[in-house]
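Report on the structure
Chain residues, written in single-letter form:
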Amino acid sequence: MKATLFRGEDVSNETFESVIHLLQSVSGMCRFSGMDESIPLPEKPVLSWSELFDICKKLRINHSIPEDTFIFLLTQKPNFNNFFGYLDVNNPTNGFVHAGDWERFIHCPTELPVAYHIVALMIQKQMVNNEKELVNLLHREPIGCVNDYCQNKKDVILKMRTADICPTCMERLTLKLSPPVINHIFEILESLRIKMLFAQNMRQHLKPSPILITTDYKIMIPDYGQLELRMTPLEKALYMLFLKYPEGIHLTDLINHKQELYDIYSSFSPLGSLTEMKQSIDDMCNALSNSASEKISKIKLNFEKNLGKELAKYYYIKGARGERKRIDLCN
Ligand SMILES: [Zn+2]
C-alpha cells in the first residue's frame, strides 16, 4: 500500500512533517510520502465532504498520482459530519483526516492520532467493497479494534492504546493483504501506541526498550515496531562511542577517543572512505570546534522525531555544559 499526504493551508508544516515521519520511521512494505505544498481550502468555517474530496480529486490529477495510491488531505477545519477522517465512496483511495483539536481531547500531540487514522483508513478500504459494508464493519461498541466507531475524540484513546485489530476484522484483512504488509501495519500501530503512552506521561508503567546494533550496524529499537534510527555515518560513530561508555565522556576528552572513532567508523563504512572522513572525525574531536555539539543536537532531534520528546530523553546524548555527556539508557 502507498499513500501520499497533502497539507491543507491550516496545518502547520511541523505537524505535517511529524505525521510523515511517524509513518516512515518504521520500515516495511507500505510507503508514505508527503507533498511539500500548502493546499488552499475554501474560506468557510466548516467543509463538506464533497469539497474535501473534490480537492483530493484535483490533487490526484495535478500530481499524476496513480489510482492505487491513497491520497490524504490533512486539515484542521471541521467537516459537516464531524468525522476524524473518511474516504470518498466514489474514489475510495481519496480521503481526508482531521488534524485539529486532538491535543485537547486525548492529551497527545496531534500527529499521533492523525498518523493512526491514516493507517486505519487504509486498512478499512481493504476490508470493505462499499459503504454499506463499512457501516456493518465498524464496531458501535468499542472493543479496542482499529475499526471501533468512535463518536468522540476521547474514545479514540482505547483503540490507540490497544493498537489491535480484532479477529473478525483480521480475517477480512488476511484475504486482501499479504502477511508482510499486515505485519508492517501492526508495527506502525504498535510504534504509535508506545509513543502515545509516553506522550501521555504513562511512562512510569513502561521501561524504555534497549537499543540494538545489528550485525550490519543499523541502530534499532526492536520493541518499537523494529524502529531504525537513521543517522549520518559520523553521527552513528559518535553515538556508538557513547553507547560504549555508560559513565559518559567529556567533549574535551573526545580527542583521546579519536582512534576508537576511526575504528568504529571503519567498521561500518566502505574500505577507503576513512581516509576521506579522517578530517571530519578530527574536527569532531577538536574541543575548539562545534562539530561534536552539532552532531549531538542532530542526534537528539532525530530521537525526538522518532520517539516523541518524553521517550527520546532516555536515548539521546545529554549532559550539562562542561560536564560529561552520556546516554541515560546505558545506566
Ligand atoms: Zn474489528
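Rules of the game
Residues numbered from 1 in each chain as written. Predicted model: local features only at pLDDT ≥ 70, side-chain atom pairs only at ≥ 80, totals over all residues. Heavy atoms only, no water. Helix = DSSP H or I, 4+ residues; strand = E, 2+ residues; numbered from the N terminus. Expected span 1.5 Å × (residues − 1). Bend = angle between axes of the 7 residues up to and from the residue. Contact = heavy atoms within 4.5 Å. Pairing = 2+ DSSP bridges. Axes fitted to C-alpha atoms, helices over the stretch in contact; angles between N-to-C directions. 1 Å grid on protein atoms, 1.4 Å probe; cavity = no way out; pocket = protein on both sides within 12 Å on 5 of 7 lines; lining within 4 Å. Points joined across faces, edges and corners; volume = space filled by probe spheres on them. Nonpolar A, V, L, I, M, F, W, Y, C, P; charged D, E, K, R; others polar. Domains from an automatic or database assignment. Buried area = accessible area lost by both parts, 1.4 Å probe. Salt bridge = Lys/Arg side-chain N within 4 Å of Asp/Glu carboxyl O. Donors = N, O, S within 2.8 Å, 3.2 Å for Na, K, Ca; no water. Tetrahedral: all angles 85-135°; square planar, octahedral: opposite > 155°, others 65-115°. Buried < 20%, exposed > 50% of the residue type's maximum accessible area, 1.4 Å probe, protein only.

Notes on helix 11 (residues 273-285)
Taking 1.5 Å per residue as the helical rise, helix 11 with its 13 residues ought to reach 18 Å, and the 18 Å between its terminal C-alpha atoms agrees with that figure. Along its length, helix 11 shows its largest kink, about 35°, at Q279. In this fold, the buried residues of helix 11 make contact with helix 9 (233-244), helix 10 (258-268) and helix 12 (291-307).

Overview of the sheet that holds strand 2 (residues 31-39)
In space, the five strands of this open sheet follow the order 2-1-3-5-4, with mixed pairing throughout. Two strands close off the open sheet at either side, each with one partner strand: strand 2 and strand 4 (85-87). On average, adjacent strands in this sheet sit at an angle of 20° to one another, irrespective of strand direction. Lying over the sheet, helix 1 (residues 13-24) contacts strand 1 (2-8), strand 2 and strand 3 (69-75), oriented at roughly 170° with respect to strand 1.

Let's talk about the layout of surface pockets
Approximately 550 Å³ is the volume found for the largest pocket. In terms of lining residues, the largest pocket is bounded by 21 residues, among which S18, E111, E304, G308 and K309 are the most central. Mapped onto the lining of the largest pocket, the elements with two or more residues apiece are helix 1, helix 4 (111-127), helix 8 (179-199), helix 12 and helix 13 (309-312). Ranked by residue count, the leading element in the lining of the largest pocket is helix 1, at six residues. Here the lining of the largest pocket is composed, by residue class, of eight nonpolar, five polar and eight charged. Summarising the domain contributions, the lining of the largest pocket has at least three residues from each of domain 1 (2-203) and domain 2 (212-330). Estimates place the volume of the second largest pocket at around 470 Å³.

Some points on the domain arrangement of the protein chain
On domain assignment, one finds that the protein chain holds domain 1 (2-203) and domain 2 (212-330). Each partner contributes residues to the interface: domain 1 has 13 residues there, and domain 2 has 13 residues. For the pair domain 1 and domain 2, the summed buried area comes to about 1,200 Å², and 57% of that belongs to carbon and sulfur atoms. Among the residues of domain 1 in contact with domain 2, H21, K195 and F198 are the three that bury the most area, contributing 39% of the side total. At the junction of domain 1 with domain 2, the criterion picks out zero salt bridges.

A look at the coordination of the zinc ion
At this site the zinc ion is bound by H139 (NE2), C145 (SG), C166 (SG) and C169 (SG), with donor distances of 2.0 to 2.3 Å. With four donor atoms in place around the zinc ion and angles of 104 to 115° between them, the coordination shape is tetrahedral. Sequence spacing among the residues donating to the zinc ion works out to H-x5-C-x20-C-x2-C. The pair C166 / C169 is uniform in exposure class, with both members buried.

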